[in-house]
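Here's the letter readout for the chains.
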Amino acid sequence: MIVLVLLHAVVAVAVLTATRARPVVGAVLGCLVLAATAITVIVLGIGPTTARSESWEWVPDLGLRLAFRLDGFAVAMALVVSVIGVLVLAYSIAYFDQDATYVRFVGLFVAFAGAMTGLVMAADLFTMFVFWELTSVCSFLLIGLNDRSAAARSAALRALLVTGAGGLCLLGGVVLLQVASGTTDFATLASSPPEGAMVTTAACLALVGAFTKSAQFPFHFWLPGAMAAPTPVSAYLHSATMVKAGIVLMARLAPAFGELDVWRWAVVVCGGTTMLLGGARAMRQTDAKLLLAHSTVSQLGFLTLLVGLGVPGATYAGVAHLVAHAVFKAGLFLGVGVVDHATGTRDIRRLSGLAREMPVVAICTGLSAASMAGLIPLFGFATKEKALVALLDADVGAAGVVALVAVVVGAVLSAAYSVRLVRGLFGTKAVAADGGDHAHVHHGSGVLLVGPVASFAAVSLVAGVGAGVVGRWLVGPATSLDAAASSSLYLWPGFNTALAISLSVVVVGAVVGWRVPASVAPTMTKVSGERIFQRLFDGLLDGSKRLTVITQSGSLVAYLGVVMAVVTAVLVAGIAKDPGAGIDELRWADSWVQAAIAMIAIVFAGAVIVARDRFVSALLIGGVGFSCAVLFALYGAPDLALTQILVETLTIVVFLLVLRQMPRRFSPDPVWAPRAVRLAISVGVGGAVAAFAVMVSAARRAPSVGGTYAELSLPEAGGSNIVNVILVDFRGVDTLGEITVLAIAALGVTNLVRMARRARSRALDAAVPASPIAPIAPVEGSDA
């Protein structure tokens, strides 16, 4: 399993970096990787009674590892990801121009498939979170594939911000769950669900993450905007990957947390609202692709109700419809892509008579739409029937009733927008609804375009006719989530309440879909998720700009003053807890010489305050440093004193190089920062740091590490000079970092000096007046 995920990453990197290879080669290689994944999953996952597990220790000291489990549900989802990926990638060969954009698409597509494969095979929440974030990044890059389109960039950013915020919530849930229960393993959580306020909070945070990923109300607004992506991206994102990640998470956690009232009602309210809202908005779209996007929102609400309710029968129905939706939605998106590719438009108001011009595409798209509407004998009919039966039998009180009503009304809308889609794409209209000319087919569609559409339609039909066989295969995926979720599918369930509801839903939905004309266009509402998001986003940017203007004034004095004041406040707060700590043990000086040198350093520091000349101030600061070097020598550390002298000398030299380019004397004190204020901050910082150092030294509860260094200096490092050994061996990396910082600072200072020198030279050249004497022209015939 780990090898499969890594293989996707290797191929993705190879495709993105291979500049000389033909783009189609990368697509074929990607298809082979996805096909190999499907075959491997079938060989490893189908048949064994126990799930195969693998893990890789990432940070063993922290207990972080990537764990994978290939159980029944992981097998089903991995097959959905890989098989649909093969067909979509094959479709893209004919859909895209063979250019650099297509190469980028193939590389990102394979990476996206690998991230989703890792997500569905994750055995715990931590592993899922890692791949969860990878899918967000990949989807951001794929949605914004056309980076010259402002709409694509905006949609990609919106998707990333919404799902990224949900990812942070999921991370919080992972941490809380690990702290409260000691594990995030899905199987362990399902077998022995933890309890407590912290666990409930963790479950809610995870649910928010799932809602953002699967576009559930109130986070549903980002998904329709993602239609700015090319059709193959939309087909894969809506059918098998991105939006299904949240459904997978809810399916994994529902057996553990489905009994929580807050979980169940959140699922019912948000899922039901999403199903109805998406269906209603799909009925007002004239762009076929946007209609499908809103239908995806509606179907995701349906899936949320089923897998999140925590009822065994609904879990089985949710797994079945998850597969059915992936199949028919991929076929629908690719079918719309074929129409767009052939006619140059997706506007159902301008399309007419395509059933005669594109009969194969019309039949295949019609079959996929019939599966979405829930018509017999398609796969969608069997899964919808099972969902109605499960909700009718669910004993979950009022939440079950609300869920059933939402599903019935949502199913009516599903049938209605399915009819609207097929009629709008392939029906005959006397006059174009938008007042323009009808769009016509400009060219034929090859096998690579039509083949995947036909394949998905055939799977929907065959799976519907063989619903019993497919239902038995789906028992494994369902029971791997909930051991009690064993059930079956039927093409003809017999006359019962669910069938009566289903027939009524189809009839009412067909009438509604037929009665609503194609000319009905979307209306702009004053309140919408997208508008609220955009207002908040724009307000955040505007507020950050205003805050930047206030806090980033360009004054070095202001920056240093704020930093030093905050440091002083923090240190004083710590000192105030135990103000007398360390004072009794403090030795002010060991001899009158040390006291004299300390007084000299204080005199130098005080002189800096009254000095008006920059050069003199630099020398006085150097005097403070040299005084410290003398103190080090008096304490028996000549090597440290020598180091201090060298550093101080270099610092003074750097000061002088810089001061050459600056005015000789300091500027007058600004009105807002008089000398008294700056002096108070400086004294406060010095006093607070000194007092804090005394407290820290007195607060030691364990032996100093210096003793260990002294013991190990000669036998381990082979040196008797402890300070040198510390700098070079024990803390060599720190020393290397300090050298690097100094080197970078030296380069920066050198560039600043050169820039200042060039600026001064240009200023001098500009200040030299032009000569008022005109040049004398040479006399004709003389030497010029």
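Below or above, wherever it landed, is the structure these notes cover. The structure presented is a predicted model; accordingly, all values stated were derived computationally and were not measured.

What about the overall build of the protein chain?
- When its secondary structure is counted, the protein chain shows 31 helices and 2 strands.
- Compactness check: the protein chain gives a C-alpha radius of gyration of 36 Å against a globular reference of 28 Å for 784 residues, more than 25% above the reference.
- Every one of the 784 residues in the protein chain was classed for burial, and the buried ones make up 44%.
- A separation of at least 24 residues holds for 78% of the contacts in the protein chain among residues at least 6 apart in sequence.
- A total of about 37,800 Å² of accessible surface is found on the protein chain, and carbon and sulfur atoms cover 69% of it.
- Taken as two groups, the 50 positive and 42 negative side-chain charges of the protein chain have centres that lie 10 Å from each other.

Here's the deal with the nonpolar core
- Judged by nonpolar contacts, the single largest core of 155 residues is most densely connected at Ile84, Phe105, Leu119, Trp222, Tyr236, Leu253 and Leu425.
- The element that contributes the greatest number of residues to this core is helix α14 (residues 312–343), accounting for 17 residues.
- In this view, Ile84 contacts Leu79, Tyr236, Ser239, Ala240, Ala326, Ala330 and Phe456; residues no more than four positions away in its chain are not counted.
- Among the nonpolar cores identified, the runner-up in size contains 25 residues, and Leu309, Ala394, Ala403 and Ile501 belong to it.

Quick notes on the pairing of strand β2 (residues 64–70)
- With 5 of 7 residues buried, β2 is to be regarded as a mostly interior element.
- Sheet analysis places strand β1 (residues 52–59) next to β2, joined by 7 bridges and oriented antiparallel. Note on β2: the bridge partner recorded for Ser53 is Arg69.

Remarks on the pattern of salt bridges
- Within this structure, the stated rule accounts for 10 salt bridges.
- In this structure, Asp185 and Arg69 form a salt bridge, with 3.0 Å as the shortest nitrogen-oxygen distance. Placement of the pair is Asp185 in the loop between α6 (150–181) and α7 (186–191) and Arg69 in strand β2, with a sequence separation of 116 residues.
- Here the salt bridges share partners, and the residues they tie into one network are Asp287, Asp340 and Arg346.

Examining the packing of helix α10 (residues 231–239) against α14
- Where α10 meets α14, the closest approach of the two axes is 8 Å, and the angle between their N-to-C directions is 165 degrees. Put simply, α10 runs roughly antiparallel to α14. Here α10 runs over α14; the crossing is right-handed. On α14, the residues touching Thr231, Ser234, Ala235, His238 and Ser239 of α10 are His325, Ala326, Lys329, Ala330, Phe333, Leu334 and Gly337.
- Its residues assigned to classes, the contact of α10 with α14 comprises 5 nonpolar, 6 polar and 1 charged.

Some thoughts on the environment of Val75
- With respect to the helices, strands and loops of the structure, Val75 is situated in helix α3 (residues 72–95).
- Separated by 419 residues in the primary sequence, Val75 and Gly494 have C-alpha atoms spaced 31 Å apart.
- When sequence neighbours within four positions are dropped, the list of residues in contact with Val75 reads Val41, Gly45, Ile46 and Leu70.

Details of the packing of helix α2 (residues 23–45) against helix α4 (residues 100–120)
- Put simply, α2 and α4 touch, their axes get as near as 8 Å, and they point 15 degrees apart. On the basis of the axis angle, α2 is roughly parallel to α4. Viewed along their axes, α2 and α4 form a crossing whose handedness is left-handed. Between α2, through Pro23, Gly26, Ala27, Gly30, Leu34 and Thr37, and α4, the contact on the second element is made entirely by Tyr102, Val103, Val106, Phe109, Val110, Ala113 and Thr117.
- Of the residues assigned to the contact of α2 with α4, the class counts are 9 nonpolar, 4 polar and no charged.

Some remarks on the environment of Ser486
- Structurally, Ser486 can be placed in the loop between α21 (475–481) and α22 (497–515).
- The spacing of Ser486 and Gly471 is 15 residues in sequence and 9.7 Å in space, taken between C-alpha atoms.
- Non-local contacts of Ser486, meaning those with residues more than four positions away in its chain, are made with Val475 and Thr479.

Looking at a nonpolar patch on the surface
- On the surface, Leu168, Leu171, Val175, Val179 and Met198 cluster together into a nonpolar patch covering about 460 Å² of accessible area.
- Counting residues per element, the nonpolar patch draws most heavily on α6, at 4 residues.
- Position of Val175 relative to the elements: it lies in helix α6.
- The class for Val175 is partly exposed, based on a relative accessible area of 46%.

Quick word on a positive patch on the surface
- A cluster of basic residues, Arg660, Arg754, Arg757, Arg758, Arg760 and Arg762, forms a positive patch on the protein surface.
- When you line up the elements, Arg762 lands in helix α31 (residues 732–767).
- The class of Arg762 is exposed, set by a relative accessible area of 54%.

Conventions and cut-offs
- Residues numbered from 1 in each chain as written.
- Predicted model: local features only at pLDDT ≥ 70, side-chain atom pairs only at ≥ 80, totals over all residues.
- Heavy atoms only, no water.
- Helix = DSSP H or I, 4+ residues; strand = E, 2+ residues; numbered from the N terminus.
- Rg over C-alpha atoms; globule rule 2.2 N^0.38 Å.
- Buried < 20%, exposed > 50% of the residue type's maximum accessible area, 1.4 Å probe, protein only.
- Contact = heavy atoms within 4.5 Å.
- Areas by Shrake-Rupley, 256 points an atom, 1.4 Å probe, with all protein chains shown as cover.
- Lys, Arg positive; Asp, Glu negative; His and termini not counted.
- Charge placed at Lys NZ, Arg CZ, Asp CG, Glu CD.
- Core = buried A, V, L, I, M, F, W, Y, C linked by side-chain atoms within 4.5 Å.
- Pairing = 2+ DSSP bridges.
- Salt bridge = Lys/Arg side-chain N within 4 Å of Asp/Glu carboxyl O.
- Axes fitted to C-alpha atoms, helices over the stretch in contact; angles between N-to-C directions.
- Parallel < 35°, antiparallel > 145°, perpendicular 65-115°, else oblique.
- Left-handed = near helix turned anticlockwise from the far one by under 90°.
- Nonpolar A, V, L, I, M, F, W, Y, C, P; charged D, E, K, R; others polar.
- Patch = residues over 30% accessible without salt bridge, like charges linked within 9 Å, V, L, I, M, F, W, Y side chains within 5 Å.

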